[in-house]
Amino acid sequence: MTSLASWRFCLLVLVACGYQPVYATSLHPLHVKVVKSLVADAVAVDEVASGVREQLARAGALESGEAYPRVEIEVLRADETSEGVRAGPAGPLARGTDVAVVARAWIARGPGQEPESDTGDLRAEDTVAVDEGAAGPDARANGLHHADALRAAARRLGRSLGARILGLPATSDETETE
């Protein structure tokens with residue numbers, strides 16, 4: 001019986017190597033709260049927070065509520081740019097639209113304490129083709145596709161923020177050059 005116990009111990013030592021990401025924070029449960037939003041679309045802001053919660057839940061580091069310690073999120077900007085232009089009967093028309101969301105997050109251990117693990121500004125974007133019918137662009141369909149693309153980009157951005165908070169590699173979709 002002693003031999004079996006020593007083999008189990010050896011197996012445990014070999015299997016549990018203690019790997020963790022280099023910049024990982026301790027994985028005690030974190031709450032999530034949006035502390036600032038400069039974006040008019042409340043659904044996009046909620047999607048960023050949902051993406052962070054999703055990533056933390058995958059790592060087993062999510063706690064419900066808004067208590068401390070928590071991940072605090074700032075949603076800074078939602079951008080929209082034309083992705084190609086063509087001549088239309090009444091002037092230039094966009095062929096497609098890029099929608100993007102920019103946000104940052106950090107860990108707050110308690111009220112008034114210094115933030116930890118600041119992600120810096122991250123950006124996620126999505127491209128939407130303009131729907132056209134025989135009479136021209138379909139504004140109703142374009143509005144729906146635009147809202148869906150903004151939500152998808154916001155959710156992806158939230159997952160990237162959550163990964164960065166956990167010390168995992170995460171990048172922006174585009175490098176800011178302003």
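Predicted model, so just to flag it, every value in this text is computed and none were measured. (Residues numbered from 1 in each chain as written. Predicted model: local features only at pLDDT ≥ 70, side-chain atom pairs only at ≥ 80, totals over all residues. Heavy atoms only, no water.)

Draft legend 1. Layout of the sheet that holds strand β1 (residues 31-37). Spatially, the 4 strands line up as an open sheet ordered β1-β2-β5-β6, and their pairing is mixed. Since the sheet does not close on itself, it has two edges, and those belong to β1 and β6 (122-129), each with one partner. Each strand of the sheet is rotated relative to its neighbour by a mean of 30 degrees, with strand direction disregarded. For strand β5 (residues 96-108) and β6, the ladder comprises 8 bridges, and the chain directions are antiparallel. (Pairing = 2+ DSSP bridges. Helix = DSSP H or I, 4+ residues; strand = E, 2+ residues; numbered from the N terminus. Axes fitted to C-alpha atoms, helices over the stretch in contact; angles between N-to-C directions.)

Draft legend 2. Region of the structure containing unusual backbone geometry. Omega for the peptide link from Y68 to P69 comes to -10 degrees, which places this bond in the cis form. Tracing the backbone through its elements, the reader meets P69 in the loop between α2 (42-58) and β2 (70-82). One non-glycine residue, S117, adopts positive backbone phi at about 55 degrees. Its location among the elements puts S117 in the loop between β5 and β6. Classification of S117 by relative accessible area gives partly exposed; the value is 30%. (Buried < 20%, exposed > 50% of the residue type's maximum accessible area, 1.4 Å probe, protein only.)

Draft legend 3. Spotlight on the side chain of E72. Mapped onto the fold, E72 is located in strand β2. Ignoring any residue separated from it by four or fewer positions in sequence, one finds E72 in contact with K33, V35, R104, A105, W106 and A108. (Contact = heavy atoms within 4.5 Å.)

Draft legend 4. Structural detail: the nonpolar core. Core analysis: the largest hydrophobic core is formed by 29 residues, its most contacted members being V48, L56, V71, I73, V75, L157 and L161. Taken together, the elements giving at least two residues each to this core come down to α2, β2, β5, β6 and α3 (139-165). Setting aside chain neighbours within four positions, we find V48 in contact with I73, V75, V101, A103, A154, L157, G158 and L161. (Core = buried A, V, L, I, M, F, W, Y, C linked by side-chain atoms within 4.5 Å.)

Draft legend 5. The pattern of salt bridges, seen in detail. Applying the stated criterion across every chain, the model contains 13 salt bridges. As a salt-bridge pair, E54 and R58 come within 2.9 Å of each other at their nearest N and O atoms. Here E54 pairs with R58, and both are found in helix α2, just 4 residues apart, close to one helical turn. Judged by its relative accessible area of 59%, R58 is exposed. Note that R159 and E54 form a salt bridge whose closest N and O atoms lie 3.6 Å from each other. (Salt bridge = Lys/Arg side-chain N within 4 Å of Asp/Glu carboxyl O.)

Draft legend 6. Inspection of the side chain of R123 at higher detail. For R123, the position within the fold is in strand β6. Within the local environment of R123, its side chain forms a polar contact with the side chain of D79, the two groups lying 2.8 Å apart. One polar contact links R123 to E125, side chain to side chain, over a distance of 3.4 Å. (Polar contact = N/O pair within 3.5 Å; in protein donor to acceptor, adjacent residues only side chain to side chain.)

Draft legend 7. Structural view of the pairing of β5. With respect to burial, β5 is a largely interior element, 12 of its 13 residues being buried. Strand direction decides the pairing type here: β2 and β5, joined by 12 bridges, are antiparallel. When the sheet's bridge partners are listed, E80 is paired in β5 with V99.

Draft legend 8. Spotlight on the environment of L30. In this fold, L30 is placed in the loop between α1 (2-15) and β1. Of the residues examined, L30 reaches a relative accessible area of 1% and is grouped as buried. Along the chain, L30 and E63 lie 33 residues apart, while their C-alpha atoms are 5.3 Å from each other. With sequence-adjacent residues up to four places away left out, L30 is seen in contact with L56, A61, L62, E63, P69, R70, V71, I107, R109 and I165.

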